[in-house]
Amino acid sequence: MIGIEDCLSEAMAIPGALGAILVDHTSGTALAMEGLPDPERSAVGLSETFRATLDGLALSSPDGTVRIDDLIITTDHGYQLIKPMETMWDGPLLICVRLDRDRANLALARRRLDSISHELIAS
Amino acid sequence: MLSDLAESRATGALKAGRSGTVYLSKGRICYVECARTPSVEELLTASGRLTLTGVRTARQTAAATADGGDMLVRRGVLSRGELQLCVLGATLDASFFLFGATVPKPKFREGDRHWLGIHWFFDVPGLFRECHRRRARLDRAWPSAELDSRPVVPVRRIRSHHVVLTALQWEILLNADAETTPAELAKRIGRPAYTTLLAVREMAAAGLLECPGPPPPPEKPPDLPKRVAGSAPRAMPGDGGGRRAQSSYPEISGDPTDVNLLIRLRNALEAFQ
């Protein structure tokens, strides 16, 4: 069982991690961050990315409803991993990690992020 | 007053009558309560983690020591992370409504602590900045406060063929009975009042709710410079960019600033002749 700060430092301990941020998706609030120059802008951008993906997939999937487990975006510099976590009283929280393309192991990073999110919201 | 208390590194509770309370520890805010937003206790009961009696017992047990949060974590009601997130979320939510409202003259009680204990810290300017950002976000969704205190009334029939809802918007629509305001709905479904209000404004903007007045006018596109005799046909930004203005002219790009700049440049060149 870990708190918010441990969750962030564990995310930064993922090999290749350059920055990590915890975002409240519905309000776009940056709750905690490490290694990001402008966390407020990142929070808004990342929650918009997540929202657009949800909306887009909802329209294109045959069932109409979508649950995202995690989102992997490959850019020219690296990877951006976005993982939603459900809380009992609010919309999803997003834990987002930016990874170096040369140093990161995507499969490992995904697994680590999954276990970190379960430790934070363990119940 | 809050800034003075922060500067003097005060510890205690600043109570604004029945409207709400700000708890400080060594000049930093550790918890805020507002009568209009769900408190941590209400969020815990609404989500089914604790019963009302459970909350009361926990509160009485922890009243003297002010470590109720730790006790709940030890008892497995919620995890450390969940407790921090719950306190953090409730504080941001309460601050937004408490700091924006007119409240009775607040009284400071030195040494008063909240029964949950301290689980997160906010510095005063940071909290004000976040409230400001949230206000701007709300106005971007729908720039009118008209719906904020009125009952939420979904329209009987929507104008579009297809609509995408978030989980929260779905809950709001299900619970809207044409009598309940957004703040009351938030307490009923156990969601933060701010996110509920934001969802209501977004649904209003999407034309899903009955609005008392006409919708606020959309932002006017910037005016282009006046045409003079012999100048080229004007392109209005946003009217299906890429449409051919006249066969002899190239296609207009979608960016109105480009068009503006080009017209100003040409006018300046003509003035030089």
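Everything here concerns the structure above.
Analysis parameters
Counting starts from 1 at the beginning of each chain's written sequence and moves along it residue by residue. Chains and ligands are labelled by the order in which they are written, letters from A for the one and numbers from 1 for the other. The model is predicted, so local features are restricted to residues of pLDDT at least 70 and side-chain atom pairs to those at 80 or more, both for listing and for counting; the totals for chains, interfaces and linings are taken over all residues. Only hydrogens and water are set aside; all other atoms, that is, all heavy atoms of the structure, feed into the side-chain values. Strands here mean DSSP runs of E at least two residues long; helices mean DSSP runs of H or I at least four residues long; both are numbered from the N terminus. Between buried and exposed lies partly exposed: a residue is buried under 20% and exposed over 50% of the maximum accessible area for its type, with that area taken using a 1.4 Å probe on protein chains only. Contacts are assigned to residue pairs with any non-hydrogen atoms lying within 4.5 Å of each other. Using the Shrake-Rupley algorithm and a 1.4 Å probe, accessible areas are obtained, with residue cover drawn only from the displayed protein chains. When DSSP locates at least two bridges between a pair of strands, those strands are taken to pair. Geometry is summarised by axes, namely lines fitted to C-alpha atoms with helices restricted to the contacting stretch, and by angles between N-to-C directions that run from 0 to 180 degrees. In what follows, salt bridge is the name for a side-chain nitrogen of Lys or Arg lying within 4 Å of a carboxyl oxygen of Asp or Glu. Side-chain atoms within 4.5 Å are what join buried Ala, Val, Leu, Ile, Met, Phe, Trp, Tyr and Cys residues into a set we call a nonpolar core. These domain limits were set by an automatic method or by a database of domain assignments. Note that the term roughly parallel is reserved for angles under 35 degrees, roughly antiparallel for angles over 145, roughly perpendicular for angles of 65 to 115, and oblique for everything else. Each residue receives one of three labels: charged for Asp, Glu, Lys and Arg, nonpolar for Ala, Val, Leu, Ile, Met, Phe, Trp, Tyr, Cys and Pro, and polar for the others, Gly being one of them.

When you go through chain A residue by residue, the secondary structure sums to 3 helices and 5 strands. Mapped in sequence order, the helices and strands of chain A form the string α-β-β-α-β-β-β-α. Every one of the 123 residues in chain A was classed for burial, and the buried ones make up 49%. Within chain A, residue pairs in contact and separated by at least 24 positions form 50% of the contacts whose partners lie at least 6 positions apart. Carbon and sulfur atoms make up 50% of the accessible area of chain A, which amounts to about 6,000 Å² in all.

Here we come to the sheet that holds strand S5 (residues 93-100) of chain A. All names here are of chain A. As summarised here, the arrangement of the 5 strands in space is S2-S1-S5-S4-S3, forming an open sheet in which the pairing is antiparallel. With partners counted over all chains shown, the strands left at the sheet margins are strand S2 (29-34) and strand S3 (71-74), one partner each. The sheet shows a mean angle of 15° between the axes of neighbouring strands, direction not considered. Of the strand pairs in this sheet, strand S1 (residues 17-24) and S2 are connected by 5 bridges, and their pairing is antiparallel. Among the inter-strand pairings, Leu-22 is bridged to a residue of S2, identified as Ala-32.

This next bit is on unusual backbone geometry. Residue and element names in this part refer to chain B. With a phi close to 50°, Arg-9 is a non-glycine residue in the positive phi region. Checked against the element boundaries, Arg-9 lands in the loop between helix H1 (2-7) and strand S1 (12-16). Despite not being glycine, Ala-66 has its phi angle at roughly 55°, a positive value. Along the polypeptide, Ala-66 turns up in the loop between helix H3 (52-62) and helix H4 (68-74).

Neighbouring strands of a sheet are bound in pairs by backbone hydrogen bonds; such pairs are parallel or else antiparallel. Residues and elements named next belong to chain B. The strand order across the open sheet formed by 4 strands is S3-S2-S1-S4, and the pairing between neighbours is antiparallel. Lying at the two open borders of the sheet, with one neighbouring strand each, are strand S3 (28-34) and strand S4 (107-110). Each neighbouring strand pair of the sheet contributes to a mean axis angle of 20°, computed without reference to strand direction. Of the strand pairs in this sheet, S1 and strand S2 (residues 20-25) are connected by 5 bridges, and their pairing is antiparallel. Note on S2: the bridge partner recorded for Ala-13 is Tyr-23.

Further remarks concern the pattern of salt bridges. Under the counting rule described, the total for this entry stands at 19 salt bridges over all chains. The shortest N-O distance in the salt bridge between Arg-188 of chain B and Asp-177 of chain B comes to 3.7 Å. Of this pair, Arg-188 of chain B sits in helix H8 (residues 182-189) while Asp-177 of chain B sits in the loop between helix H7 (167-175) and H8; the two residues are 11 residues apart in sequence, bridging distant segments of the chain. Classification of Arg-188 of chain B as partly exposed rests on a relative accessible area of 46%. In this structure, a network of salt bridges that share partners links the residues Glu-48 and Arg-51 of chain A together with Arg-137 and Glu-202 of chain B.

Ile-4, Leu-22, Ile-95, Leu-99 and Leu-120 of chain A together with Ile-29 and Leu-85 of chain B are the most contacted members of the largest nonpolar core, which has 53 residues in total. Both domains that meet at this core, namely domain 1 (2-134) and domain 2 (142-205) of chain B, each give it at least three residues. Setting aside its immediate chain neighbours within four residues, Leu-22 of chain A contacts Ile-4, Leu-8, Thr-29, Ala-30, Leu-31, Ala-32, Met-85, Leu-94 and Ile-95 of chain A together with Leu-85 of chain B. Judged by nonpolar contacts, the second largest core, of 23 residues, contains Tyr-31, Met-71, Leu-83 and Leu-116 of chain B.

Next up on the list: the packing of helix H6 (residues 124-141) of chain B against helix H9 (residues 193-205) of chain B. All names here are of chain B. Between H6 and H9, the least distance of the axes is 8 Å, while the angle of their chain directions is 20°. With respect to their mutual orientation, H6 and H9 come out roughly parallel. Residue-level inspection shows Arg-134, Arg-135, Arg-137, Leu-138, Asp-139 and Ala-141 of H6 in contact with H9, the latter providing Tyr-194, Leu-197, Leu-198, Arg-201, Glu-202 and Ala-205. Of the residues assigned to the contact of H6 with H9, the class counts are 6 nonpolar, no polar and 6 charged.

What follows is about the pairing of S2 of chain B. Residue and element names in this part refer to chain B. Across the 6 residues of S2, 6 count as buried, placing the element largely inside the fold. Across the two faces of S2 the burial is the same, with Gly-20, Val-22 and Leu-24 and Thr-21, Tyr-23 and Ser-25 all buried. Hairpin connection from S1 to S2: 3 residues lie between these consecutive antiparallel strands, with Gly-17 at a positive phi of about 55°. Taken together, the 6 bridges between S2 and S3 define a ladder with antiparallel strand orientation. Of the residues in S3, the one forming a bridge with Ser-25 is Arg-28. Hairpin connection of S2 to S3: 2 residues between the antiparallel strands, including Lys-26 at a positive phi of 50°.

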